[in-house]
Structure formats: C-alpha cells, structure tokens
Amino acid sequence: MSCCVRSLCQYETNKLVRIQSVRLGSMKWSLNGFILLFICVMMTWNRKYQEFDLVVSSVTTKVKGVAQTNLPGVGEVVWDVVDYSGPAAQSKNSFFVLTNVLVTRNQKQGKCPEIPQNGRLCNKDQDCKKGYSDLHSHGIQTGSCVRFDALKKTCEVSAWCPIETKNKPPRPALLTAAENFTVLIKNNIRFPAFNYTRRNILPKMSDTYLKNCHRKNDSLCPIFRLGDMVREAGENFQEMAVEGGVIGIQIKWDCNLDVVRSHCLPRYSFRRLDEKESNRTLYPGLNFRYAKYNTVNGVEERTLYKAFGIRFDVMVFGQAGRFSFIQLIIYVGSTLSYYALTTILIDWLIQTSCYSEEVGQNYSKKKVESVQDKQKCILRVSYVDEHDIWLVKKSQKKSAQDSKLLSVQPRKEDIGHLRAALSLLQSGATSDCPPDIKPRPQTVPPAWCKCACCVLTSVPHEELCCRRSDGACITSSPLFELLVLRRSTLEAALLYRDPLDPPTGPGQTTTLRHCAYRQYIFWRFGEQADGSHPVIPSCCVWRIREEYPSLDRRYSGFRPEQTTNIQVISNGEVSEA
C-alpha cells in the first residue's frame, strides 16, 4: 500500500536535449514565429474565438408586372400577377412565374376518341375494353373503336372533350415580357442564442428608396428583376422560359456581433437548380396544369391550361458569431500542437546529412534511449569454452542454457581487468595447485549443467552453466580465485569506486558478494552493451555465495537487469541479492 502511495506522490517530466547552436536557435524561433503568425491569421479570418448560432428565417415574396399575349384560338389576353403567379403556384419560401402556356378551350364532359399515343390504336371494338383506364389515359374506355382522323382509329373514352392534343410548348415563349417582372423579397431572420433579429429591408430603406433602387447600383436592394436573377445564375431567360425551370435565390447572413451590428447584412446569389439539357434528362423544365371553369347554357365547361414557368426557391442560410472566452481557450489549446512541427523539422534536419553527421550522431545518442520489454529481455551469455558473447532471449519456460541463439557479439576486452590479472600473476600470488572444487551437495547435476558444479533452480534464466560443452568449471581457474573471490581484490575494487567509504559493518559480506558478481561480469563480458543484460552462470553464483554467504542463507535470486546499478544503503545492505 505504501508503494502505491509513494508512486502517486511523484512527478514525471520529459527529458530535453539542448544543442548550443546559433543556426538551430534562429531556425527554431523563426519557425515558431511563422506558426504563431499563421495561427493568429487563421483565428482572425475564421473567427475561431467566437461561439456561433445558426439562422432561423422566414421569407415572403411579392411579384409585380403585367404582360399581354396573343393566344391561338383565344386572342389577346392580358396577364397580371393573379394569372401568372396565383396562390395555386405558391409554396413555402418560393414563388412561380408563368412564361409559356398551352390552352385547350371549351372542354365538356362527354365521349371522344383517345389520343393515339404510345401505339394505342384499334381496328375493331373488341380491341377496346369497357371501363379500362391506366395512368396515361385521359378518360375511361367505353368499349367502342372510333375514328380519330382519316388514317387512325382509337378507343373511345369518357373524358373532358376535346382532349388536349399538344404537348410541345410554343417557341419562343408566349410571356417573354416576364423577363422584366420584379419581385420584392422580405426576409426576417433571428439568432436565438443571441436574441438578435434583423430583416433584409434595412431601417434606412424608405418607401421612396424601394421604388427607385436597382440591384446594379445597390447590392442590398431587396427588389429583383427576374431577368437579372436568371442572368446572374448563368442562364438565358428567353431560352429558359420555353420549358421552364428552377432558380435558387441564396441569401447568406454572416454576422459578426462583436462589431457594430449594422454590419450584419445579407448577401444574394443565384444559381439554376434543375437539369437544363433536354437530351440528358427526361421531362425537362417545369410545368403543371390548371383549369378555369364556367357554365354555358347550363352545361359546365372549362378551359385547360398547361403552364410552363420558372419557380424561384429562396434559400436562407448563415450564422452569427460572438466572442467566447471558452472557445478562445479551446482554439489556443488545439493549436499548441502545431509547435511540434518545429521539433519534427529540426530533428529531421539534424539526423540527415544536410546539417552535420557528427552532431546528428551525438544528438541521437543523447535523446534516444532503448528499453527492452520485460517479456522480451535480451540476455548476454559468456561460455568459458567459447570466445564470443552469445545473445539469447529471456524465457519464462526454457533455460538460458537451451535458449535460442539470436546473435553473436565479439568480446571487448576490459583493459583494467587484464592489467590487474597480469599484476597478480607477476606478483606470484597464485598457488601451484588449483583450488579443490567439489560438486554441489546433490546426487545428480541438472541436465543443462556441463561442469558438474551447478545447482538446480526454479528460475529459467538462472539455469546457465559456464560451459557450452562438458569440461572443467571456470571456478577452478586461478583467475577466478584472484579476480572474483579474493577479498583484497574486492576491497580494492570497492575503494576504487568510493575511496572515502570502505565497506564496514554487518553488511560488509553482502557488499563483497555483490562486488564479486560485478567483478565476474566485467571480467567475462567487458564493456556493457545497451539493451541486453549479462547472466552469471549458476556455478559461479553459488561459488561466490559460498565464499561470502548471507547471514540467513536466503537469497532473492539473480536479477540481470540490476547488475549494472548496484547501490549500497546506509545500513550496509544492497538493493539486490
């Protein structure tokens, strides 16, 4: 529990590498300055420091204009706003203006031949089915086959007769004068989050202004000429008037409520919404039918109109923004990551030949530190009968002696230990007879042991012998006695590390034992290698423990990842076994 509390009461920070360089420093601050400028420009341009609310809108329109046409079979007809843009042609946020028309006069309820369309011809009454009709019929069949003209016969139907026969609109359009009609668009908007309302007819616009304003001179004028709107949409009004179409009127409100609110003004734009190419679509344009009814001599008659025209859809969109401290903090926080681009660019520059190869190598060594995963720990193994050092993968199931070889490294001789060995040998300190090494007190050595001096252990990575093949144990070597076990050598090594604090007290034996571990590692492995850990053979570990035993004869086991970081605590104990 106390370990958990101590781990919580810690602070960790990143490790930095500082390079003393005028060029790199200048580049760093130049890039940071450019990024800061870019952030400020984008924040001002896109108003990222504001919170926004979408527009809520209502639209009403009022069309004005009069035209006169000469309808075939009817004569001169005057069209006013009720005729070409009546209530039946209106819908929400849109209005319709009739530009072309087909007229079928004096239709009465009766019987007449069906139009011979889609091959609907007959030769006798049996070809016609009484009471039959489909989606394309103009009436209900009576069961009689009658003559349509001098060459064709069709089924007789009960319908409004005579049936409409024309389907192609006249060209040019009949109401070409509709190009000069005008429309007044009244648009009221509201931004609920800010309780702000406005309309496109501004307070400064008087009745006199509205009667005389023109879009060419004032882009805020709410009165529009139909021909001008179609032209700004990239279309020709006279061509479009023949079959009709759909024009979109876009009103955009982009309001910045941090400045003077009168700057919240509409912007108008126009575009065609339907497909205009007749050869690319079925049923191009826009048309619908309506009728005018009257009674003549007690019989109801009607005049059928197939109307072609242009529908104008008014689409309002936009947003309003106002300063928000929270949005400013969020934007600043999200843009701080841009400064990492400076580090990425300079790191790339240093590590390429564009800067300096020597600086790049030193920088990589200082900044990058390799750490092996505990489950993928790489062990270094040295055998007395092999000259090179073997790298094996630490396993939880297989012994280090039998682990799969990953690679081989050449041994780097430790000059200090070599000189110490030569000095001891020249001093005549060695004995003529090697020490008497007896096998450990067990009947049969482990299967992985090759020197008959190893001890059985339950930890797989401690199952390592000093030899690759059968032979004498390294602990029988005079150098092992001199460099690893001799007390005077170990005391000299400890004084060399700390000349003012010789090992004394109850922890002296433990300190000497771990110094012996370190002496063996420096002797057999030489210089330390990053990312791998040396392993001491079992026979050597137990020989050292016999020479410098623990008081309670209990050992926690060898931990290779800690052999290069041995620390003595104030009471003389050490941090590993």
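The structure presented is a predicted model; accordingly, all values stated were derived computationally and were not measured.

1. Some thoughts on the packing of aromatic side chains
According to the stated counting rule, one finds 15 aromatic pairs in the structure shown. Taking the centre distance of 6.0 Å and the plane angle of 90° together, the rings of Y520 and W523 count as edge-to-face. Here Y520 pairs with W523, and both are found in helix α13 (residues 508-525), just three residues apart, close to one helical turn. Between R545 and the ring centre of W542, over which it is positioned, the NZ or CZ distance is 4.9 Å.

2. Considering the pairing of strand β15 (residues 378-382)
Across the five residues of β15, five count as buried, placing the element largely inside the fold. Alternating positions in β15 separate into two faces, I378, R380 and S382 on one and L379 and V381 on the other, with burial throughout. Taken together, the five bridges between β15 and strand β16 (residues 389-393) define a ladder with antiparallel strand orientation. If you follow L379 over to β16, its bridge partner there is V392. Linking β15 to β16, which pair antiparallel, is a turn of six residues. With three bridges connecting them, β15 and strand β18 (residues 532-534) associate as parallel partners. In the sheet register, R380 faces β18, and the bridge partner there is P534.

3. A closer look at unusual backbone geometry
Across the junction of C161 and P162, the peptide omega takes the value 0°, indicating a cis bond. Along the polypeptide, P162 turns up in the loop between β7 (153-161) and β8 (182-191). For the bond running from R171 to P172, omega is 5°, close enough to zero to count as cis. In this fold, P172 is placed in the loop between β7 and β8. Non-glycine residue R47 carries a positive phi angle of around 50°. Examined against the element boundaries, R47 turns out to sit in the loop between α2 (22-46) and β1 (50-54). One non-glycine residue, N106, lies in positive phi territory at about 55°. Relative to the helices and strands, N106 resides in strand β5 (residues 94-113).

4. Describing the side chain of R47
Take R47: its relative accessible area is 12%, and that puts it in the buried class. Those residues within four positions of R47 in sequence are excluded, and the remaining contacts are M42, F52, D254, C255, N256 and G321.

Each value, and the rule that gives it
Residues numbered from 1 in each chain as written. Predicted model: local features only at pLDDT ≥ 70, side-chain atom pairs only at ≥ 80, totals over all residues. Heavy atoms only, no water. Phe/Tyr/Trp six-rings, centres within 6.5 Å; stacked < 30°, edge-to-face > 60°. Helix = DSSP H or I, 4+ residues; strand = E, 2+ residues; numbered from the N terminus. Lys NZ or Arg CZ within 6 Å of the ring centre and 35° of its normal. Buried < 20%, exposed > 50% of the residue type's maximum accessible area, 1.4 Å probe, protein only. Pairing = 2+ DSSP bridges. Contact = heavy atoms within 4.5 Å.

The analysis is restricted to geometry; functional conclusions fall outside its scope.
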